[in-house]
Amino acid sequence: MSKNDTFPFWTDEWMKSQQEYLDTWTDLSEKMTSGFQPAKKPINPWVEALDQWETFIPNTGESQPYAQRMLDQGKAFFEMSDGISKFLKVLNEVNESKEQWQNTLQSQMEAIKKAFETGDSSLAAFWDEPLDSWKSSLGDSPIELQSFMKFVDQAQGMDSLTNPIYDEMNKKLSTPALGQNREAQEQHQKYTCLLMDYQRASQEYNTAHHRVGQEAIERLIAKISEMSKQGESIDTMRGIYDLWVDCAEEAYAEFAFTDEYQTVYGRMINSLMALKQASRNIVDSAMTSIGLPSSKAFDTVLQRMQEMRREIRQLQREKKKSADLSELHNEIAELRKELAAVKKSVSAINRVEKSVSKKTVTKKKAAATKTTKG
Amino acid sequence: MFPFNITPDSALKEIQEFGNKLGEGMQTLTELGEIPVGASEFEVVYHEDKLTLNHYKPLVKNPNKTPILIIYALVNRPYMTDLQKGRSLIEGLLKNGQDVYLIDWGYPDAADRYLSLDDYINGYIDNCVDNVCDRAGVDKLNILGVCQGGTLSLCYTSLHTHKVNNLITTVTPVDFHTKDDQLSHMVRNVDIDLLVDTVGNISGDMMNTTFLSLKPFRLNGQKYLDMVNLLGDEDSALNFMRMEKWIFDSPDQAGQAYKEFISQFYQQNKLIKSEVMVGEHRIDLKNITVPVLNIFAKDDHLVPVAASKALEKYVGTDDYTPLEFPGGHIGIFVSGKAQKMIPPTVAEWLTERS
């Protein structure tokens, strides 16, 4: 592309096109539900158009979650395309000499890297999305946790891992509990300490995760430069997206095999579980105090039930073994009986044979005597 | 050279085309309805708690007299082995003259929280083996273990060699500490006792996100952009959706068994040290003296090739056959290549040893 070409990314034409797109979607929406009007003027009309479409996804049916995922990624792609268009506009405005566009690329990327610290960019949002959904699957969303995180966000410097306020709070929370409600007080003190532990561990993981995001951007810059050297080019927005995904996966995979990852990941999970367990203990105490079975009690029942099932299984096996053995005994007894009968028959036959043979001998002797006398 | 060859026109065209495809895809998705899975006819011949033992209707007149029992992983659902006509390991085995049984573990719930590996191996699996042998009138059967089910099959065969004629393991982890085992690396510092004591059973959602986190940007993002291109017609949409359904159809994991598996296998790598304890029994792979066919996938990102290949070094048999499949962890069951390669090879290998 010549430097003299107009490059109207993120200009009226771009916006106009988005608006046309929104209008098409709105027309379609109106056909499906008469009287539909967009609630407000959209910031990114393409994304807004998908928001409208979202309302028509059926709430039931097997495809619903996948349709939602596809729409979410569609929105993410549109948002990223907007970002890319701005980025291309800036690049295009500079002279095409190698140094100039590379310097501009570098400075644009530095800005995105900074945005990782605040989460204020579509690339940063893309980077954080898997982590967010992963945390949500672990149940990292109790109300108290959200409000604590909000408090941390608002409290100046609390997001710093080295902030002395943590030590100060820990000291205060270590004050021995006194009086009638001592146990409850201890439980709550412990819970607050664990909440702080989790916040720190989570922050530690986020920091490492964002650093890897920045490394992914470094890789992206390096790959683009390499492509330039090789005379290769990227021809589509999707091509840029795919290149970014490659860089993100490479950087993440490298991180995932480090000792640091193992440590921060383990610490984050363990501190969250400790916190959830403490939370459950508080609820259990409340349940017990009003005479309702606690989760611990339910757990004990389940454990005992399984132990009994194992014992029953063992007894059934022994019974089967003993039934097999008794069957074997019966068979042996039957065989013995048969053997005895056979023996009896054999000895009877022997007796008969002996008696027959004796009679024959006597007859022979008698016949011999007769002959001699004759 | 300036590396971006994107003009405003081409960018707008691309975005609009993407938007149109997305719209068409949404239309296809909302019209799909229920996503059918399963290709082969079967009857349930035994059930115990949530487990069912399925016997598949033979497709040849005189199938192998020694039946083959498929032991699937506790993770995900076993219909991966019989996803649809033409993409089914079971269908392939039936066509190649095998008499096929499969254990479907069902969906454990809170009542199954304390099911241990001993309950699975010496309880459920052993009962199924006895049942299959009784029905077939044989003393021994063939076992085909899938992934974690392969590891359970190794444990079972080590303890009950007299009931197993031949053993086939597919994408089965044996050495859990190979350098490229990301899952193992991930869980090494997690306090599994605390985790299970806290949450009880491990939810299917947690399992899913753990697997997705191995390639988070491809599996959470890029895949769904690719999906837009796959929804043009109903058949390709259904193929994609069947896989999606399977991936996210994740049963919860019984807490006790999960704890024992992660701790003994993934964290302490005890299987190759002959130190795994299942109930009161020690697992020694040297006890496995029956013929073993070990199938692994070259591009497996869940169970690396080295993790499976290690079996050769530790198993006791003199009749060991390795087989590398040129594909991934799932492709080994559902790809077109797999249909041509895996069932005939398994059948031939079994025939040579029957």
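Residues numbered from 1 in each chain as written. Chains lettered and ligands numbered in written order. Predicted model: local features only at pLDDT ≥ 70, side-chain atom pairs only at ≥ 80, totals over all residues. Heavy atoms only, no water.

**So, the overall build of chain A**
Convention followed: Numbering of helices and strands starts at the N terminus; helices are DSSP runs of H or I of at least 4 residues and strands are runs of E of at least 2. Any two residues whose heavy atoms approach within 4.5 Å are treated as being in contact. Areas reported here follow the Shrake-Rupley algorithm with a probe of radius 1.4 Å; residue values treat only the protein chains shown as occluding.
In terms of regular secondary structure, chain A is built from eleven helices and zero strands. Across chain A, helices and strands are ordered from the amino to the carboxyl terminus as α-α-α-α-α-α-α-α-α-α-α. Considering only residue pairs separated by 6 or more positions, chain A has 70% of its internal contacts joining residues 24 or more positions apart. Only carbon and sulfur atoms are counted for the fraction: they give 55% of the accessible area of chain A, which is about 22300 Å².

**Some details on the overall build of chain B**
Worth spelling out the cut-off: Throughout this description, buried means an accessible area under 20% of the type-specific maximum (1.4 Å probe, protein chains only), exposed means over 50%, and partly exposed covers the range between.
Along its length, chain B carries 14 helices and twelve strands. Of all 354 residues assigned to chain B, the portion counted as buried reaches 66%. Restricting to contacts in chain B with at least 6 residues of sequence separation, those with at least 24 account for 78%. For chain B, the exposed surface amounts to about 12800 Å²; the carbon and sulfur share of it is 48%.

**Considering the pattern of salt bridges**
Rule in force here: Whenever a carboxyl oxygen of Asp or Glu lies within 4 Å of a side-chain nitrogen of Lys or Arg, that contact is scored as a salt bridge.
Under the counting rule described, the total for this entry stands at 31 salt bridges over all chains. Measuring nitrogen to oxygen at the nearest pair gives 2.3 Å for the salt bridge that ties Arg309 of chain A to Asp49 of chain B. Here the residue Arg309 of chain A occupies a position in helix H11 (residues 295-373), and Asp49 of chain B occupies one in the loop between strand E1 (42-48) and strand E2 (51-56), the pair thus bridging two chains. Judged by relative accessible area, Arg309 of chain A falls into the partly exposed class, the value being 33%. When the shortest N-O distance is used, the salt bridge between Lys85 of chain B and Glu91 of chain B registers 4.0 Å. Residue Lys85 of chain B is classed as exposed on the basis of its relative accessible area, which comes to 61%.

**Quick look at the sheet that holds strand E12 (residues 320-325) of chain B**
All names here are of chain B. We apply this condition: Should DSSP find at least two bridges between two strands, the strands are taken to pair. What counts as an axis is a line fitted to C-alpha atoms, over the stretch in contact for a helix, and the angles between N-to-C directions run from 0 to 180 degrees.
On the basis of which strands lie adjacent, the open sheet formed by eight strands has the order E1-E2-E6-E3-E7-E8-E11-E12 and mixed pairing. Where the open sheet ends on each side, the last strands, each with one partner, are E1 and E12. On average, each strand axis in the sheet is tilted by 20 degrees relative to the strand beside it, whichever way the strands run. By the bridge criterion, six bridges tie strand E11 (residues 292-297) to E12 in an arrangement that is parallel. Bridging from a neighbouring strand, Ile295 pairs with Leu323 of E12. Against the sheet, helix H3 (residues 117-136) contacts E1, E2, strand E3 (68-71), strand E6 (100-104) and strand E7 (141-146), and its axis sits at roughly 130 degrees relative to E1. In this fold helix H14 (residues 336-352) packs onto E3, E7, strand E8 (164-170), E11 and E12, with an angle of close to 175 degrees to the strand it touches most, E12.

**Notes on a negative patch on the surface**
As a reminder of what qualifies: Without a salt bridge and with relative accessible area above 30%, a residue can belong to a patch; like charges are then joined within 9 Å and nonpolar side chains (Val, Leu, Ile, Met, Phe, Trp, Tyr) within 5 Å. Residues scored as positive are Lys and Arg, those scored as negative are Asp and Glu, and His as well as the terminal groups of each chain are ignored. Charge coordinates come from a single atom per side chain, which is NZ of Lys, CZ of Arg, CG of Asp or CD of Glu.
Among the surface-exposed residues, Glu327, Glu331, Glu334 and Glu338 of chain A lie close enough to one another that they form a single negatively charged patch. Structurally, Glu331 of chain A can be placed in helix H11.

**Focus on the environment of Val278 of chain B**
Residues and elements named next belong to chain B. As for its placement among the helices and strands, Val278 is situated in strand E9 (residues 277-278). Val278 sits in the buried class, given a relative accessible area of 0%. Non-local contacts of Val278, meaning those with residues more than four positions away in its chain, are made with Leu117, Asp118, Ile121, Asn122 and Ile283.

**What to know about the interface of chain B and chain A**
Quick note on the threshold: Once two parts are joined, some of their accessible surface, as seen by a 1.4 Å probe, is lost; buried area is that loss totalled over both. Definition of a polar contact: a pair of N or O atoms within 3.5 Å, with one able to donate and the other able to accept a hydrogen when the atoms are protein atoms, and with sequence-neighbouring residues admitted only if both atoms are side-chain atoms.
Taken together, the contact between chain B and chain A spans 80 residues of the former and 83 residues of the latter. Of the roughly 7500 Å² buried between chain B and chain A, counting both surfaces, carbon and sulfur atoms make up 64%. At the junction of chain B and chain A, the tally comes to eight salt bridges. The closest approach of N and O atoms between Asp119 of chain B and Arg310 of chain A, which form a salt bridge, is 2.9 Å. Remark: the boundary between chain B and chain A carries 28 residue pairs in polar contact (both at pLDDT 80 or more). Of all the secondary-structure elements, those providing two or more residues to the side of chain B that touches chain A are helix H1 (8-32), H3, helix H5 (182-187), helix H6 (192-199), helix H7 (204-212), helix H8 (216-228) and helix H9 (234-248) of chain B. Broken down by element, the side of chain B that touches chain A gets its largest block of residues, 18 residues, from H1 of chain B.

**Some remarks on helix H10 (residues 255-267) of chain B**
Counted residue by residue, H10 of chain B has 13 buried out of 13 residues, so it is predominantly covered. Asn269 of chain B sits one or two positions beyond H10 of chain B and adopts a positive phi of about 50 degrees.

**Some thoughts on the nonpolar core**
The criterion, for reference: To define a nonpolar core, start from buried Ala, Val, Leu, Ile, Met, Phe, Trp, Tyr and Cys residues and group those joined through side-chain atoms within 4.5 Å.
By size, the foremost hydrophobic cluster in this structure holds 174 residues, and its most contacted members are Trp105 and Val346 of chain B. Ranked by residues supplied to this core, first place goes to helix H8 (residues 182-230) of chain A with 13 residues. If sequence neighbours within four positions are ignored, Trp105 of chain B has contacts with Lys50, Leu51, Ile71, Tyr72, Ala73, Leu74, Tyr120, Tyr124, Ile125 and Leu152 of chain B.

**Examining unusual backbone geometry**
Residue and element names in this part refer to chain B. Even without glycine at this site, Asn76 takes up a positive phi of about 65 degrees. Residue placement: Asn76 occurs in the loop between E3 and strand E4 (82-84). Unusually for a residue other than glycine, Ser274 sits at a positive phi of about 55 degrees. With respect to the helices and strands, the residue Ser274 is situated in the loop between H10 and E9.

**Some points on the pairing of E1 of chain B**
Residues and elements named next belong to chain B. Here six bridges tie E1 to E2, and the two strands are oriented antiparallel to one another. Its bridge partner lying in E2, Tyr46 is registered against Leu53. The antiparallel hairpin formed by E1 and E2 contains two residues in its connecting segment, where Asp49 sits at a positive phi of about 50 degrees.

**Remarks on the pairing of E11 of chain B**
All names here are of chain B. Within E11, six of the six residues are buried, which leaves the element mostly enclosed by the surrounding structure. Here four bridges tie E8 to E11, and the two strands are oriented parallel to one another. Within the sheet, the bridge partner assigned to Leu167 lies in E11 and is Val292.

**Points about the environment of Ile240 of chain A**
Mapped onto the secondary structure, Ile240 of chain A falls in helix H9 (residues 237-256). Residues Ile240 of chain A and Ile224 of chain A, spaced 16 residues apart in sequence, show a C-alpha to C-alpha distance of 9.4 Å. Once residues lying within four places of it in the same chain are set aside, the contact partners of Ile240 of chain A are Ile84 and Ile234 of chain A together with Phe4 and Ile6 of chain B.

**Side note on the packing of aromatic side chains**
Spelled out, the test is: Side-chain rings of Phe, Tyr and Trp (the six-membered ring for Trp) are treated as a pair once their centres are within 6.5 Å; stacked means planes under 30 degrees apart, edge-to-face means over 60, and tilted covers the remaining angles.
Following the criterion strictly, the structure yields 14 aromatic pairs over all chains and no others. The interplanar angle of 90 degrees and the centroid separation of 6.1 Å between the aromatic rings of Tyr252 of chain A and Phe217 of chain B together place this pair among those described as edge-to-face. Of this pair, Tyr252 of chain A sits in helix H9 while Phe217 of chain B is found in helix H8, placing the two residues in two different chains. For Tyr252 of chain A, a relative accessible area of 3% puts it in the buried group. Ring geometry for Trp105 of chain B against Tyr120 of chain B: centres 5.2 Å apart, planes inclined by 80 degrees, an arrangement best described as edge-to-face. Remark: Tyr120 of chain B occurs in helix H3 and Trp105 of chain B occurs in the loop between E6 and H3; sequence separation between them is 15 residues. Note on Trp105 of chain B: relative accessible area 8%, which makes it buried. A relative accessible area of 4% means that Tyr120 of chain B is categorised as buried.

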